[in-house]
Amino acid sequence: MPDFVKQREHMVKVHLAQRGIRDPHVLKAMRKVPRERFVSEGLEEFTYEDSALPIEEEQTISQPYIVAAMIEAAEVQPGDHVLEVGAGSGYAAAVMGQIAQSVVAIERHPALGKLAAARIAALGYDNVEIRIGDGSAGAPDDAPFDAILVAAAGPDVPPTLKQQLKVGGHLVIPVGELGDQKLCKVSRTAQDRFEEANLGAVRFVPLIGGEGWREDGSRAA
Ligand code: SAM
C-alpha cells in the first residue's frame, strides 16, 4: 500500500507551493482531501502525479495544480457559498468544501454524478451537494454564489452564470475550442459591472449544454 499521506505532502510542497500556489486555505485543503479516493480503480498509484487522469464516461479528474490554481483564482473563502460546474470525480468540489461553507456541484453524466456523491458521502463531507444536470444554466434556486468554478470549456462565458455571481464574487472558466483555450476570471464588481482577466492557456474537456457546446461540437447558444 503506497504511503498516500506522504505523497500528498509532496504534491502540496512540490507541485503546488513551489509552483506559486500561495493561498493557505487552498494548500491546507489540498493537504487534507484524499485524492486517491476520487481516481478510478486501478489508477491509484498515479494519484499524486501532477496530471489529469481518465475517469468514467471518457472524462478526466483535473490536474492537482489546475484545481488549486482555479480555487485560488476564484478567491474561495471560509463562509462562502460556491458553485462548481462539471463535478466529474467530485475531487475539486471536495477540496472547496474544506474551505467554503457550502458547495453545489453539477455534473451532466448521471453515472459520474452518482459516483462523486457516493465518494463524498463516504468521506462524510456533508456540506458538498452533487446534482445531475446541465450546469451551464447554473443553479438558480441556490444563487447567488460567492464563487463559481467551471471545469469544462465553453465557447463563451455563460451569461446565466455571470448573473448568478454575488457582487464581489468571481467566476473562473476555461473558454475556447480544444487546442485554443484560455482560463478566464470574471469578477462582478457592481450589480451591472464585470471585469475579465485572462489567466493563461489551459486544456479542458468541452462544456456541453444550453450555454455551452452541442454534442456535435457546434455552439449551442
Ligand atoms: N472537477 C472535476 C474533478 O475534480 O474531477 C473534473 C471535471 S472534468 C475536467 C469536466 C466535467 O464537466 C466532466 O465530468 C463533464 O462531464 C462535465 N460537464 C461538461 N459539460 C457539463 C455541463 N453542461 N454541466 C455539468 N457538467 C458538465
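Residues numbered from 1 in each chain as written. Predicted model: local features only at pLDDT ≥ 70, side-chain atom pairs only at ≥ 80, totals over all residues. Heavy atoms only, no water.

A.B. asks: What is the right way to look at the packing of aromatic side chains in this model?
C.D. replies: In this structure the tally under the stated criterion is two aromatic pairs. Taking 6.1 Å as the distance between ring centres and 55° as the angle between the ring planes, the aromatic pair formed by Phe4 and Tyr48 counts as tilted. Of the two residues, Phe4 is situated in helix H1 (residues 4-16) and Tyr48 in the loop between helix H2 (24-32) and strand S1 (53-55); the sequence distance between them amounts to 44 residues. Here Phe4 matches Tyr48 in class, with each residue buried. (Phe/Tyr/Trp six-rings, centres within 6.5 Å; stacked < 30°, edge-to-face > 60°. Helix = DSSP H or I, 4+ residues; strand = E, 2+ residues; numbered from the N terminus. Buried < 20%, exposed > 50% of the residue type's maximum accessible area, 1.4 Å probe, protein only.)

A.B. asks: Hey, could you run me through the site of the ligand in this one?
C.D. replies: In the vicinity of the ligand lie 27 residues, with Glu84, Ser89, Glu107, Gly135 and Ile208 positioned nearest. One of the backbone nitrogen or oxygen atoms of Gly86 is found 3.1 Å away from a nitrogen atom of the ligand. Between the ligand and the protein, one listed contact pairs a nitrogen atom with a backbone N or O atom of Ile208 at 2.7 Å. Considered on its own, the ligand offers 610 Å² of accessible surface; in the complex 99% of this is hidden by protein. Contributions of two or more residues to the shell around the ligand are made by strand S2 (59-61), strand S3 (81-85), helix H4 (91-97) and strand S4 (102-107). (Near = heavy atom within 4 Å. Polar contact = N/O pair within 3.5 Å; in protein donor to acceptor, adjacent residues only side chain to side chain. Areas by Shrake-Rupley, 256 points an atom, 1.4 Å probe, with all protein chains shown as cover.)

A.B. asks: Where do I start with the packing of H1 against H2 in this structure?
C.D. replies: In the contact formed by H1 and H2, the axes pass within 8 Å of each other and the chain directions differ by 145°. Crossing hand, H1 versus H2: right-handed. Here H1 contributes Arg8, Glu9, Met11, Val12 and Leu16 to the contact with H2, which in turn contributes Leu27, Met30, Arg31 and Lys32. Partitioned by chemical class, the residues of the contact of H1 with H2 number five nonpolar, no polar and four charged. (Axes fitted to C-alpha atoms, helices over the stretch in contact; angles between N-to-C directions. Left-handed = near helix turned anticlockwise from the far one by under 90°. Contact = heavy atoms within 4.5 Å. Nonpolar A, V, L, I, M, F, W, Y, C, P; charged D, E, K, R; others polar.)

A.B. asks: Explanation requested: the sheet that holds S4 in the structure shown.
C.D. replies: Across a sheet, strands are paired by hydrogen bonds formed along the backbone, either parallel or antiparallel in direction. Spatially, the seven strands line up as an open sheet ordered S5-S4-S3-S6-S7-S8-S9, and their pairing is mixed. The sheet terminates laterally at strand S5 (128-132) and strand S9 (193-202), the two strands that pair on one side only. For this sheet the average axis-to-axis angle between neighbouring strands, irrespective of direction, equals 15°. Two elements, S4 and S5, share five bridges in a ladder whose sense is parallel. Bridge assignment links Val104 to a residue of S5, and that residue is Glu129. Across the sheet, helix H3 (residues 64-73) is in contact with strand S6 (145-150), strand S7 (165-177), strand S8 (180-190) and S9; its angle to S7 comes to roughly 145°. Against the sheet, helix H5 (residues 110-122) makes contact with S4 and S5, and its axis sits at roughly 165° relative to S5, the strand it touches most. (Pairing = 2+ DSSP bridges.)

A.B. asks: Sorry if this is basic, but what is going on with the environment of Glu58 here?
C.D. replies: Mapped onto the fold, Glu58 is located in the loop between S1 and S2. Glu58 gets classed as exposed once you look at its relative accessible area, which sits at 77%.

A.B. asks: Can you walk me through unusual backbone geometry in this structure?
C.D. replies: The bulk of non-glycine residues show a negative phi, and the bulk of peptide bonds are trans. Cis geometry is adopted by the peptide bond preceding Pro144, which originates at Ala143 and carries an omega value of 5°. In the Ramachandran plot, Glu75 falls in the positive-phi region, its phi being about 55° despite a non-glycine side chain.

A.B. asks: Whenever I open this one, the nonpolar core confuses me. Can you help?
C.D. replies: Among soluble globular proteins, nonpolar side chains are generally buried collectively. Within the largest apolar cluster, 52 residues are counted, with the highest numbers of intra-cluster contacts made by Leu16, Ile21, Met30, Ile71, Val76 and Tyr91. Tallying contributions element by element places H3 first for this core, with eight residues. Discounting residues that sit within four places of it in the chain, Tyr91 has contacts with Met11, Met30, Val33, Arg35, Phe38, Ile61 and Val67. Counting residues in hydrophobic clusters, the runner-up holds 18 residues, among them Ala139, Ile148, Val157 and Leu161. (Core = buried A, V, L, I, M, F, W, Y, C linked by side-chain atoms within 4.5 Å.)

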